[in-house]
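So the chains spell out like this:
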Amino acid sequence: MSALPPLRLGVNIDHVATVRNARGGALPDPLRAAAIAAAAGADGITAHLREDRRHIVDADIDGLMRELKIPLNLEMAATPEMLAIALRHQPHAACIVPEKREERTTEGGLDAAGQHNQLKPLVARLRDAGIRVSLFIEADSRQLEAAVALGAPVVELHTGSYCEAEGEAQKAELLRLQKAAALCAKFGLECHAGHGLSYADVGPVAAIPQVRELNIGHFLIGEAIFVGLDAAIREMRRLMDQARAGIAA
Ligand SMILES: CC(=O)[C@@H](O)[C@H](O)COP(=O)(O)O
Ligand SMILES: NCC(=O)COP(=O)(O)O
């Protein structure tokens, strides 16, 4: 197999802000986490400005745009408020994610097919502003076709079901991701993946040749409590590169 394109690691710093907000103070500072992640080899930072600001808040996005030396991928719901914020900040990328106030975390992919009319103008506005638009969707051909119809150049495949499954069920979920990633190449979509990934399950997803970027957060921030953020990121990077080397050989 010819040399694969590099696999980027986006570090999601949401849950540094979760710990900070637990006491309502300024520490731990998500901006410090972003700087450590960049120094540890992260290719980008992902931050999810939720409508309820349960973790990342507007001032965090202001600070990241002011200080970050690597690309920011702003995760956002498809709302007029978030569109205005994205257009004001002009981050490198914006990833449109579904949001429910009562959810503990993202529970599934965006229904790009069912929300075509709502999403079309929003995707166009972001693209016209030069922001790389991705849609956080299920590994499903109908959603991939919808992403093409919407003019989104990138999709991020939801890996939550894969991470939660075990045994034969996890193999089936991995096959779903592999097939969707192959369809991305056929459709001309750049393929990313994320949600729930850990050391234990990142390898097979990193080994999908069409996947160009993984966005990983919760596990890394949790691991950082025990080994430090730099070491956690470097180990994730090592596992990703090891998996990638295995298919490039
Ligand atoms: C879309 C996704 O899977 C995550 O990037 C998202 O940020 C999860 O939401 P929380 O970070 O609030 O758990
Ligand atoms: N889009 C996925 C992401 O940014 C991180 O998800 P998680 O690793 O925090 O579950």
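None of these values were measured; they are calculated from a predicted model.

Section: the pattern of salt bridges
At step 1: On inspection of all chains with the given rule, the structure shows 17 salt bridges.
At step 2: Among the salt bridges present, the one from Asp52 reaches Arg54, with a minimum N-O distance of 3.0 Å.
At step 3: Residue class for Arg54 comes out partly exposed when judged on its relative accessible area of 26%.
At step 4: Asp241 is paired through a salt bridge with Arg237; the nearest N and O atoms lie 2.9 Å apart. Taken together, the positions of Asp241 and Arg237, both in helix α11 (residues 229-248) and four residues apart, correspond to about one turn of that helix.
At step 5: Connected through shared salt-bridge partners, Arg8, Arg132, Glu190 and Glu213 make up one network.

Description of the UniProt feature "site: Transition state stabilizer" (unreviewed entry) in the chain
At step 1: Feature annotation in UniProt places "site: Transition state stabilizer" (unreviewed entry) on Glu156, given in this structure's numbering.
At step 2: Locating Glu156 in the fold gives a position in strand β6 (residues 154-158).
At step 3: You can call Glu156 buried: its relative accessible area is 2%.
At step 4: If sequence neighbours within four positions are ignored, Glu156 has contacts with Cys95, Leu135, Phe136, Ile137, His192, Ala193, Gly194 and Asn215.

Description of the sheet that holds strand β7 (residues 190-194)
At step 1: Taken together, eight strands build a closed barrel; the order of strands is β1-β2-β3-β4-β5-β6-β7-β8 and the barrel is parallel. Strand after strand, the sheet turns through a mean of 25 degrees between neighbouring axes, direction not considered.
At step 2: With four bridges joining them, strand β2 (residues 44-48) and strand β3 (residues 72-76) adopt parallel strand pairing. Directly across from His48, in β3, lies its bridge partner Glu75.

Concerning the packing of aromatic side chains
At step 1: A complete count under the given rule lists one aromatic pair for this structure.
At step 2: Here Tyr199 and Phe219 contribute two aromatic rings whose centre-to-centre distance is 4.6 Å and whose plane-to-plane angle is 70 degrees, an arrangement assigned as edge-to-face. In this pair, Tyr199 sits in helix α9 (residues 199-206) while Phe219 sits in helix α10 (residues 218-227), placing the two residues 20 residues apart along the sequence.
At step 3: Judged by relative accessible area, which is 22%, Tyr199 ranks as partly exposed.
At step 4: For Phe219, a relative accessible area of 23% corresponds to the partly exposed category.

A word on the site of ligand 1
At step 1: Taken together, the residues surrounding ligand 1 are Asn12, Asp14, His15, His48, Arg50, His55, Glu75, Val97, Thr105, Thr106, Phe136 and His195.
At step 2: In the model, an oxygen atom of ligand 1 is placed 2.6 Å from a nitrogen or oxygen of the Thr105 side chain.
At step 3: The contact in question runs from an oxygen atom of ligand 1 to an N or O atom on the side chain of Thr106, over 3.5 Å.
At step 4: Alone, ligand 1 offers 350 Å² of accessible surface; in the complex the protein occludes 93% of this.
At step 5: Of the residues contributing to the shell around ligand 1, the split by class is two nonpolar, seven polar and three charged.

Cut-offs applied
Residues numbered from 1 in each chain as written. Chains lettered and ligands numbered in written order. Predicted model: local features only at pLDDT ≥ 70, side-chain atom pairs only at ≥ 80, totals over all residues. Heavy atoms only, no water. Salt bridge = Lys/Arg side-chain N within 4 Å of Asp/Glu carboxyl O. Buried < 20%, exposed > 50% of the residue type's maximum accessible area, 1.4 Å probe, protein only. Helix = DSSP H or I, 4+ residues; strand = E, 2+ residues; numbered from the N terminus. UniProt positions renumbered as here; feature names shortened; annotations may be inferred. Contact = heavy atoms within 4.5 Å. Pairing = 2+ DSSP bridges. Axes fitted to C-alpha atoms, helices over the stretch in contact; angles between N-to-C directions. Phe/Tyr/Trp six-rings, centres within 6.5 Å; stacked < 30°, edge-to-face > 60°. Near = heavy atom within 4 Å. Polar contact = N/O pair within 3.5 Å; in protein donor to acceptor, adjacent residues only side chain to side chain. Areas by Shrake-Rupley, 256 points an atom, 1.4 Å probe, with all protein chains shown as cover. Nonpolar A, V, L, I, M, F, W, Y, C, P; charged D, E, K, R; others polar.

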